[in-house]
Amino acid sequence: MATINNHYLKLKAGYLFPEIARRVNAFAAATPDANIIRLGIGDVTEPLPEACRTAMIKAVNDMGDRATFQGYGPEQGFGWLREKIAAHDFQARGCEVDASEIFISDGSKCDCGNILDIFGNDNAIAVTDPVYPVYVDTNVMAGHTEDANEKGEYGGLVYLPISANNDFTAQIPTQKVDLIYLCFPNNPTGATATKAHLQAWVDYAKANGSIIFFDAAYEAFITDPTLPHSIYELEGARDCAIEFRSFSKNAGFTGTRCALTVVPKTLKGKAADGSEVELWKLWNRRQSTKFNGVSYIVQRGAEAVYSTEGQQQVKGLVNFYMENAKIIRDQLTAAGINVYGGVNAPYVWVQTPNGLSSWDFFDKLLQTCNVVGTPGSGFGAAGEGYFRISAFNSRDNVNEAMKRITEKFKV
Ligand SMILES: *Cc1c(COP(=O)(O)O)cnc(C)c1O
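Note on numbering: residues in each chain are counted from 1, in written sequence order. In keeping with the predicted nature of the model, local features appear solely for residues at pLDDT of at least 70, side-chain atom pairs appear and are counted solely at 80 or more, and the whole-chain, interface and lining totals rest on all residues. Only heavy atoms go into the side-chain values, all of them from the structure, while hydrogens and water stay out.

Colleague: Could you give an account of helix H8 (residues 296-303), with specific residues and numbers?
Modeller: Judged by how many residues are buried, H8 sits mostly within the fold: six of eight residues are covered. Only protein chains enter the accessibility calculation, which uses a 1.4 Å probe; a residue is then buried when its area is under 20% of its type maximum, exposed when over 50%, and partly exposed in between. A run of DSSP states H or I qualifies as a helix once it reaches four residues; a run of E qualifies as a strand once it reaches two. Both are numbered from the N-terminal end. The set of residues buried in H8 consists of Tyr296, Val298, Gln299, Gly301, Ala302 and Glu303. The contact criterion used throughout is that any non-hydrogen atoms of two residues lie within 4.5 Å. The elements touched by buried residues of H8 are helix H2 (50-63), helix H3 (79-90) and strand S2 (102-105). The definition of a polar contact used here is a pair of N or O atoms within 3.5 Å, where within protein one atom must be able to donate a hydrogen and the other to accept one, and adjacent residues in sequence count solely through side-chain atom pairs. At the N-terminal end of H8, a side-chain oxygen is found 3.1 Å from the backbone nitrogen of Ile297, two or three residues along, and the residue is Ser295.

Colleague: Lay out the side chain of Asp111 with the relevant residues and their values.
Modeller: Tracing the backbone through its elements, the reader meets Asp111 in helix H4 (residues 108-114). The charged-residue count follows a simple rule in which Lys and Arg add positive charge and Asp and Glu add negative charge, with His and chain termini not counted at all. Salt bridges are defined as contacts in which a side-chain nitrogen from Lys or Arg sits within 4 Å of a carboxyl oxygen from Asp or Glu. Buried and unpaired, Asp111 has Arg286 as its nearest opposite-charge partner, separated by 6.3 Å. Setting aside residues up to four positions removed in sequence, Asp111 forms contacts with Ser105, Phe244, Leu260, Thr261, Trp283 and Gln287.

Colleague: Could you give me a rundown of the pattern of salt bridges, with the residues and numbers involved?
Modeller: Side chains bearing opposite charge may pair, as long as their charged atoms lie close to each other. In the structure shown here, the tally under the stated rule is 22 salt bridges. Residues Lys151 and Glu153 are paired through a salt bridge, measuring 4.0 Å at the closest nitrogen-oxygen approach. Given a relative accessible area of 21%, Glu153 falls into the partly exposed group. Residues joined in a network through salt bridges with shared partners are Glu19, Arg22, Arg23 and Asp363.

Colleague: An account of the packing of H3 against H8 is requested, with residue identities and associated values reported.
Modeller: Packed helix pairs are specified by the crossing angle of their axes together with the interaxial distance, meaning the distance between the axes. At their nearest, the axes of H3 and H8 sit 10 Å apart, and the two run at 25° to each other. Classified by the angle their axes make, H3 and H8 are roughly parallel. Two packed elements cross with a definite hand, and for H3 against H8 that hand is left-handed. Across the interface between the two elements, Trp80, Leu81 and Lys84 from H3 touch Tyr296, Gln299, Arg300, Ala302 and Glu303 from H8. Residue polarity follows a fixed list, in which Ala, Val, Leu, Ile, Met, Phe, Trp, Tyr, Cys and Pro are nonpolar, Asp, Glu, Lys and Arg are charged, and the others, Gly among them, are polar. Broken down by class, the residue content of the contact of H3 with H8 amounts to four nonpolar, one polar and three charged. Simply put, an axis is a line fit to the C-alpha atoms, just over the touching stretch for a helix, and the angle between two N-to-C directions goes from 0 to 180 degrees. Each angle is binned into one of four classes, with values under 35 degrees roughly parallel, values over 145 roughly antiparallel, values of 65 to 115 roughly perpendicular, and all other values oblique. In this scheme the crossing of two helices becomes right-handed for a clockwise turn of the near helix relative to the far one and left-handed for an anticlockwise turn of less than a right angle.

Colleague: So what about the sheet that holds strand S7 (residues 241-246)? Which residues, and what values?
Modeller: Whether parallel or antiparallel, the strands of a sheet pair through hydrogen bonds between backbone atoms. Strand pairing requires that DSSP identify at least two bridges connecting the strands. Spatially, seven strands are ordered S2-S8-S7-S6-S5-S3-S4 in an open sheet, and the strand pairing comes out mixed. Whereas interior strands pair on both sides, the edge strands pair on one side only; in this sheet they are S2 and strand S4 (157-161). If you compare each strand with its neighbour and ignore which way they point, the axes differ by 20° on average. Where strand S6 (residues 211-215) lies against S7, four bridges are found, and the strand directions are parallel. By the bridge assignment for S7, Asp215 is matched with Phe244.

Colleague: Tell me about the sheet that holds strand S12 (residues 347-351), residues and numbers included.
Modeller: Spatial ordering of the open sheet is given by S11-S12-S15-S14, a layout of four strands whose pairing is antiparallel. Since the sheet does not close on itself, it has two edges, and those belong to strand S11 (339-341) and strand S14 (374-375), each with one partner. Pairing of S14 with strand S15 (residues 386-390), which is carried by two bridges, proceeds in the antiparallel orientation. Considered in S15, the bridge of Thr374 is made with Arg388.

Colleague: Break down the layout of surface pockets for me, with residues and values.
Modeller: Where empty space is left in the structure can be found by rolling a water-sized probe over the atoms. Note on definitions: the grid is 1 Å and covers protein atoms alone; a cavity is a set of points where a 1.4 Å probe fits but cannot get out; a pocket is an open set with protein on both sides within 12 Å along at least five of seven lines; lining residues have an atom within 4 Å of a point. Grid points are joined across faces, edges and corners, and a volume is the space filled by probe spheres set on the points. When its volume is computed, the largest pocket comes out at roughly 1,300 Å³. Lining the largest pocket are 45 residues, and of these Phe17, Tyr132, Pro133, Val134 and Phe379 sit closest to its centre. In terms of residue count, helix H5 (residues 133-141) provides more of the lining of the largest pocket than any other element does, five residues in total. Its residues placed into classes, the lining of the largest pocket shows 21 nonpolar, 11 polar and 13 charged.

Colleague: Explain the packing of aromatic side chains to me, using residue names and the numbers behind them.
Modeller: When two rings of Phe, Tyr or Trp (its six-membered ring) have centres within 6.5 Å they constitute a pair, described as stacked for plane angles under 30 degrees, edge-to-face for angles over 60, and tilted for the intermediate range. Overall, the coordinates contain 27 aromatic pairs when judged by the stated rule. Ring centres of Tyr218 and Tyr347 lie 5.3 Å apart, and the angle between their planes is 75°; on these two criteria the pair is classed as edge-to-face. Residue Tyr218 is located in the loop between S6 and S7, and its partner Tyr347 is located in strand S12; the two are separated by 129 residues in the primary sequence. Given a relative accessible area of 2%, Tyr218 falls into the buried group. Where Trp349 meets Tyr386, the ring centres are 5.5 Å apart and the plane angle is 10°; that geometry is what we call stacked. Of the two residues, Trp349 sits in strand S12 while Tyr386 sits in strand S15, which places them 37 residues apart along the sequence. Like Trp349, the residue Tyr386 is buried in the burial classification. Clustering of aromatic rings is evident, with ring pairs tying together Phe119, Tyr132, Tyr135, Tyr181, Phe213 and Phe244.

As structure tokens, then:
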């Protein structure tokens, strides 16, 4: 019989969202007329920008004409899209990123996992706690960890706790780690990093020969003009950081699929013989071999994000979700609940009232308000006592959910 990758058996089998679904379904079955509002999952709700749809319809028609038909495109993405990204997202902010260093993909989730292909199996790996589960689970699958303990922490990973005590920004480790996952603005906490904090990480990485995986999926939600959008705004980051970006959250491409990864040509890793190897070459080789690019139609849709109308429409989407976030913050605060995040990110990170556990607060909110959120402990042991509420929803749902919560929790 064929053997399996045994590392998969270490995974805490997709515990969080199935358990949420189980509890919500049980409650719905027992209480059939409850109008349940779901502020749990981090998926967008508003339609695709018109500029993107128009560009995609035109691209579909291109495919219907022999003169403009496209077969396989470049595995790295079309030059016209990479050039626009380089100019608008990086060079306009003073970042030295060339179009050739940008790799278009079908998602940041995939890239965050796939990037491990080009790294060795003996790296010390650091993640924050709480964390976007993809970073952890892909390392478990690759065999980079031991089993999980009863708290869900995998042996062999370095966990950097983030909480209100450190403003949700991890302390720079005292030991040496080789790979570090950072996500700012953060999912799940909604926290952001100042230039000084990110610079400290870059300095640490350069001093230790480490690589930072910088997940900027939520950069469009930054409202504070002093905050960096890209890690390449920091001195020295081209020598130590890979950045992941996505059209999922800013332009509503979660179902359309387009993202990008930046691998600077100055970035190096160490080979078994001690020599230094350009990571760009390895990633380029990896993508050319295992990936055949994103659909021409979708890349045309992504390109339209950079048109004048596209920029306005994306700003409209982001503003809409951020107004939701403000309503959530204001209403919960008025109900006497401590909240974090939600100012530069579409997630509000709630401190559970009266010291309730994350899951006890989940049950209470479900039963008394018929509102669903995400227990913080599902993102890691240090998320215990917190709760994530997503601003990705209709205004009516947000208003109704907040009305119910303020009525029940008013102090
Ligand atoms: C939503 C999200 C992404 C984007 O993933 P896609 O695969 O591009 O849709 C990346 N990182 C984090 C932390 C996210 O929450």
